[in-house]
Each structure stands twice: as C-alpha cells, then as structure tokens.
Amino acid sequence: MPITVRPQPVDPIVVGPDVVCQSDEGVAYTVNPTNFPLSNYNWQIRKQSDDLEGGAFVSLGQGTDQILVYFTVEQVYLTVREVNSICVSDVTQFSIKVN
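Cut-offs applied
Residues numbered from 1 in each chain as written. Predicted model: local features only at pLDDT ≥ 70, side-chain atom pairs only at ≥ 80, totals over all residues. Heavy atoms only, no water. Buried < 20%, exposed > 50% of the residue type's maximum accessible area, 1.4 Å probe, protein only. Helix = DSSP H or I, 4+ residues; strand = E, 2+ residues; numbered from the N terminus. Pairing = 2+ DSSP bridges. Salt bridge = Lys/Arg side-chain N within 4 Å of Asp/Glu carboxyl O. Axes fitted to C-alpha atoms, helices over the stretch in contact; angles between N-to-C directions. Phe/Tyr/Trp six-rings, centres within 6.5 Å; stacked < 30°, edge-to-face > 60°.

### Regarding the pairing of strand β6 (residues 66-71)
In β6, alternate side chains face the same way, and those of I67, V69 and F71 are buried while those of Q66, L68 and Y70 on the opposite face are not. With four bridges connecting them, strand β3 (residues 27-32) and β6 associate as antiparallel partners. Within the sheet, the bridge partner assigned to T30 lies in β6 and is Q66. Sheet analysis places strand β5 (residues 56-60) next to β6, joined by four bridges and oriented antiparallel.

Quick look at the structure:
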C-alpha cells in the first residue's frame, strides 16, 4: 500500500488592527488564507509582559477563522494555528499594542 504525504497547511496570516484601546470589545481578527470549515483555528492570547495567558480574551469565534476579542490594559500576542484532519500548521504570532 503506497503512503501519501500531504503538505502541512500554510501558516495562517492574522488580519486585524495591531493597535487597540483599553477595554475595546468586539475587535475582529481573521486568518488569510482560510480553509474554514475544513480546518479549525486554535486562537490563544498571551500577555507580552510575562508570556502567560491573559490581557485579552476571545469573546466569540474560537475554532473558526474569525474571532472577536475583548481587550483589557496589557500588550498581548495573538497566536493562531490551523488544524485539519491531516496535520497542523506552525503557530503564527501577531503583536497587539493596547493604548
């Protein structure tokens, strides 16, 4: 039986504002290119100060190619990884400044 090797998904590019204000809510971020709904997207937000989760949170859309984010007062990194039935992309990191 032959083995078929499929390519890893292309690293998603995050599209959205890289500067927001404290307490902004419903700020939209998407990925490009998108393979949704064939792929899921795992989003994570980490504080730049200590690399721990927090500083903002996904209020809607986890697992999809578009999320809405609620920000607090800290600079954050938004990361996303594409996952499909065959394999997983590398993590893409997007830096966001909170004014």
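Don't stop here, the text continues.
### As for the pattern of salt bridges
Applying the stated criterion across every chain yields a total of three salt bridges. A salt bridge links R46 to E53; the nearest nitrogen and oxygen atoms lie 4.0 Å apart. For D50, the salt bridge identified is with K47, shortest N-O distance 3.4 Å. Of the residues examined, D50 reaches a relative accessible area of 36% and is grouped as partly exposed. What you see here is one network of salt bridges that share partners, running through R46, D51 and E53.

### A few points about the sheet that holds β3
Strand order across the open sheet formed by four strands is β1-β3-β6-β5, with antiparallel pairing between neighbours. At either margin of the open sheet sits one strand with a lone partner, and together these are β1 (13-15) and β5. Across the sheet, the mean angle separating the axes of adjacent strands is 35° when strand polarity is ignored.

### Details of the packing of aromatic side chains
A full pass over the atoms with the stated rule returns three aromatic pairs. Between Y29 and F71 the ring centres are 6.4 Å apart and the planes differ by 65°, which places this aromatic pair in the edge-to-face class. You can see Y29 sitting in strand β3 and its partner F71 sitting in strand β6, a full 42 residues away along the chain. Pair check on accessibility: Y29 and F71 agree, each one buried. A ring pair is formed by Y29 and F94, whose centres lie 6.0 Å apart and whose planes are at 65°; its orientation type is edge-to-face. Linking Y29 in strand β3 with F94 in strand β8 (residues 92-98), this pair joins segments that are 65 residues apart in sequence. For Y29, a relative accessible area of 0% corresponds to the buried category. Counting every residue linked through ring pairs, the aromatic cluster contains Y29, F71 and F94.

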